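Spelled out, the chains give:
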Amino acid sequence: MSALLRYDRVTKAYARPSLMPWGRPRSTPILHGISFALARGETLGIVGESGSGKSTLGRLALRLSTPTGGRILYDGQDINALTPAGLRAYRTKMQMIFQDPHNSLDPSLTVGMSIAEALDIHRSELGATERSERVGALLSQVGLSPTCATRRPHEFSGGQKQRIGIARALAVEPELIVADEAVSALDVSVQAHILNLMRDLRDALGLSYLFIAHDLAVVRRMSHRVAVLYRGRIVEMADRDDLFTRAQHPYTRMLLAAAPRRGTHHAPATEMPLAAPGPGGQGCPFHARCTLRQPHCAEVDPPSRTIAPGHEVACHLV
Amino acid sequence: MELAHALSPAPPVLEVSHLTVATTDGGVTIVDDLSLHVRQGEMLALLGESGCGKSMTSLAIMRLAGAAEGLHVSGTIRLSGEDLGTMSERAMRRVRGRRLSMIFQNPMSALNPLRTVGAQIAETLRAHVPLSRAEARARSVALLDEVGITDPARRYDAYPHELSGGMCQRVMIAMAIACDPALLIADEPTTALDVTIQKQIMDLLHTLRTRRGMAILMITHDLGVVASYADRVAVMYAGRIIESGDVETMFARPDHPYTGGLLASMPDLDIDAERFYAIPGSVPDLRELPSGCTFAPRCAHATDSCRIHYPSPSERAGGGFVRCWHPLQANA
Ligand SMILES: Nc1ncnc2c1ncn2[C@@H]1O[C@H](COP(=O)(O)OP(=O)(O)OP(=O)(O)O)[C@@H](O)[C@H]1O
Ligand SMILES: Nc1ncnc2c1ncn2[C@@H]1O[C@H](COP(=O)(O)OP(=O)(O)OP(=O)(O)O)[C@@H](O)[C@H]1O
Ligand SMILES: [Mg+2]
Ligand SMILES: [Mg+2]
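Residues numbered from 1 in each chain as written. Chains lettered and ligands numbered in written order. Predicted model: local features only at pLDDT ≥ 70, side-chain atom pairs only at ≥ 80, totals over all residues. Heavy atoms only, no water.

An unreviewed UniProt entry annotates chain B as ABC transporter ATP-binding protein of Gluconacetobacter tumulisoli. Of the comments in the UniProt record for chain B, the one headed Sequence similarities (unreviewed entry) reads "Belongs to the ABC transporter superfamily." Under the heading Subcellular location (unreviewed entry), UniProt records this for chain B: "Cell inner membrane". (UniProt positions renumbered as here; feature names shortened; annotations may be inferred.)

Looking at an unreviewed UniProt entry, one finds chain A named ABC transporter ATP-binding protein and attributed to Gluconacetobacter tumulisoli. Regarding chain A, the relevant UniProt record gives this comment under Sequence similarities (unreviewed entry): "Belongs to the ABC transporter superfamily." Quoted verbatim from the Subcellular location (unreviewed entry) field of UniProt, the annotation for chain A is "Cell inner membrane".

Pasting the structure below:
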């Protein structure tokens, strides 16, 4: 399988101006050596701690920001070496559903105008009636009434805005969608409806997804493969069944153990080591919280190793 | 005497009666005749389909839905017995953030992008509690630590855009609990958080309830969170509460078909199915509400009378009520 999207040792750091005018900007590394490949029609689930770099990773694919190191290839082309015309063409192939639906819609446009704008990217030939029909159809697909088209974003609830963002992303008919917590503001039934829609589109049109989510049950059903991010590193990546039944990294195991399951009314109790101390220095990024750590875990950053076909883990102990 | 005292329920911190929110042009009723209460130390979870009026209910309680927003609010809201509706705006500002605070659903837009997150927490503190700058800073760093922000002293100086979605959400939580409010309204406080951090936040809220008697109105789509942490549940559909009761009996034996459908839609980590179960159909637009029971068009049990008469409340086994002509347990 040839990869549609490939990350090759991608790093990202944010520079922050020094407090002193003469000082050098301080640079904070956010992503370290991220490598993976996503095939056409494939869904790669991305899970990990809040602040671990999931949104940053997704934004890089859309060129909403540029990597500090490494390359991102789309159909074999380095997306950061595209000409302006190449970039415009590239941008019609992918869409992002943003984590924060409140800031991603233009408040001055009606919902219909926002979606029509996206529609024009691919379907500039549509007449006015066809265009508004298509807008109405997209709204119904995400469970909203076509009459919503005439209203402005502030008249909608959080979950309704999120679905408008999804309708707009679908309007472009992209090849790849970066879905960043795309269904997190939805109740379980509407969420199920949207996820089924996303799966149907994948099967019918060969859409690919980078599917960022914190709900493990959802990730399990949506993804072909899953990458686990911890402090800017992929600590484990495997086919979804391998990951959910044969997780090796202590962080992945901790995450799976903490997942809520149906029918558990447990008394709240905190047992796992929670807050991770200070900014990660050297060694394994997880060592401070790891119950299995050995002395050298604090000194040497474990490289990623393939332990079974398609199953990579970065841990000294496996 | 002792025993009677132990058994009498704690007084309600929040009492909402007949709350109705409509657009001023009269076109749409967003929240319709809603009543609920939350007692001291209690967590009431408000569940319901996207767009059913949960956030609007909480904004009305905060008195943040009004003419300026094109909305008209009626009904009474009492906080520890005091009618918030008759309070001056000035008095209300003192109540907000101090006795009554809210974690907004949209953390990114609720934070000021031009000020550091630490300064925003410290400012909330100093608006209500006499503290020196240094004390407010120390307390703010401690709060950031409590909500699981790593390296809190450094993050104190970060601007909102330098933090991830889940970090901004936790900054909002820190701000909301800073002054130890009597009532906390939490609108989807953990949507962007991974399971371990979510657990840490929920455990923190649990401690605040049990140790300090904080009452919490929790709006969430996460049924796992509700099952683990809430005492009672109220389920909304199209602007009204259609079922309420204690968590355990309702999750085990829901009476309203909508509640039943919602529980059946919950994805389960251990069940390996290809498709997701969803309640058939979609929520009616508030401008196009059907007559009779608003859920009838999607309901497998609906009869002709359901399409004519809106159900009056009937008592649920084990407390609470349900608005349905054909409750599930009656057929069970
Ligand atoms: N513009 C920026 N400047 C400096 N640091 C930033 C900037 N944007 C993000 N960061 C930092 O990068 C890290 C990763 O952020 P990112 O938003 O990618 O996390 P995430 O995994 O999506 O988290 P969440 O699940 O909470 O959304 C965080 O520590 C954040 O503080
Ligand atoms: N200013 C407004 N004018 C007209 N209608 C509005 C306005 N604000 C919200 N609405 C409508 O009121 C309804 C309730 O919105 P609310 O934000 O309370 O929903 P919610 O239950 O919080 O949903 P979610 O779970 O998606 O956040 C929605 O159908 C929305 O479209
Ligand atoms: Mg994010
Ligand atoms: Mg809401």
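Now that the structure has been shown, the text picks up again.
*Asks:* Would you mind showing me how to read the site of ligand 2 here?
*Replies:* In the neighbourhood of ligand 2, 19 residues make up the surrounding shell, with A:Ser157, A:Gly159, B:Gly51, B:Ser55 and B:Met56 lying closest. Mapping the residues near ligand 2 onto chains gives chains A and B. Measuring from an oxygen atom of ligand 2, one finds a backbone N or O atom of A:Gly158 at 3.4 Å. Between B:Ser55 and ligand 2, the recorded distance is 2.7 Å, taken from a side-chain N or O atom to an oxygen atom. Protein coverage of the free-state accessible area of ligand 2, which is 640 Å², stands at 92%. Broken down by secondary-structure element, the contributors of at least two residues to the shell around ligand 2 are helix H6 (158-171) of chain A together with helix H2 (54-61) of chain B. Across the shell around ligand 2, the residue classes break down as five nonpolar, 12 polar and two charged. (Near = heavy atom within 4 Å. Polar contact = N/O pair within 3.5 Å; in protein donor to acceptor, adjacent residues only side chain to side chain. Areas by Shrake-Rupley, 256 points an atom, 1.4 Å probe, with all protein chains shown as cover. Helix = DSSP H or I, 4+ residues; strand = E, 2+ residues; numbered from the N terminus. Nonpolar A, V, L, I, M, F, W, Y, C, P; charged D, E, K, R; others polar.)

*Asks:* For this particular structure, what's the right way to read the coordination of the magnesium ion (ligand 4)?
*Replies:* By definition of the ideal shapes, a tetrahedral metal site with four donors has angles of 109.5 degrees and an octahedral site with six donors has angles of 90 or 180 degrees. Every protein donor of the magnesium ion (ligand 4) is accounted for by B:Ser55 (OG) and B:Gln105 (OE1), and the metal-donor separations fall at 2.0 to 2.3 Å. Of this pair, B:Ser55 sits in helix H2 while B:Gln105 sits in the loop between strand S6 (100-103) and helix H4 (107-110), and the two are 50 residues apart along the sequence. (Donors = N, O, S within 2.8 Å, 3.2 Å for Na, K, Ca; no water.)

*Asks:* What is the right way to look at the coordination of the magnesium ion (ligand 3) in this model?
*Replies:* Residues and elements named next belong to chain A. Coordination of the magnesium ion (ligand 3) by the protein involves Ser55 (OG) and Gln99 (OE1), with metal-donor separations of 2.0 to 2.2 Å. In this pair, Ser55 is assigned in helix H1 (residues 54-61) and Gln99 in the loop between strand S6 (94-97) and helix H3 (101-104), connecting sequence segments 44 residues apart. Accessibility expressed as a relative area gives 22% for Ser55, which makes it partly exposed. (Buried < 20%, exposed > 50% of the residue type's maximum accessible area, 1.4 Å probe, protein only.)

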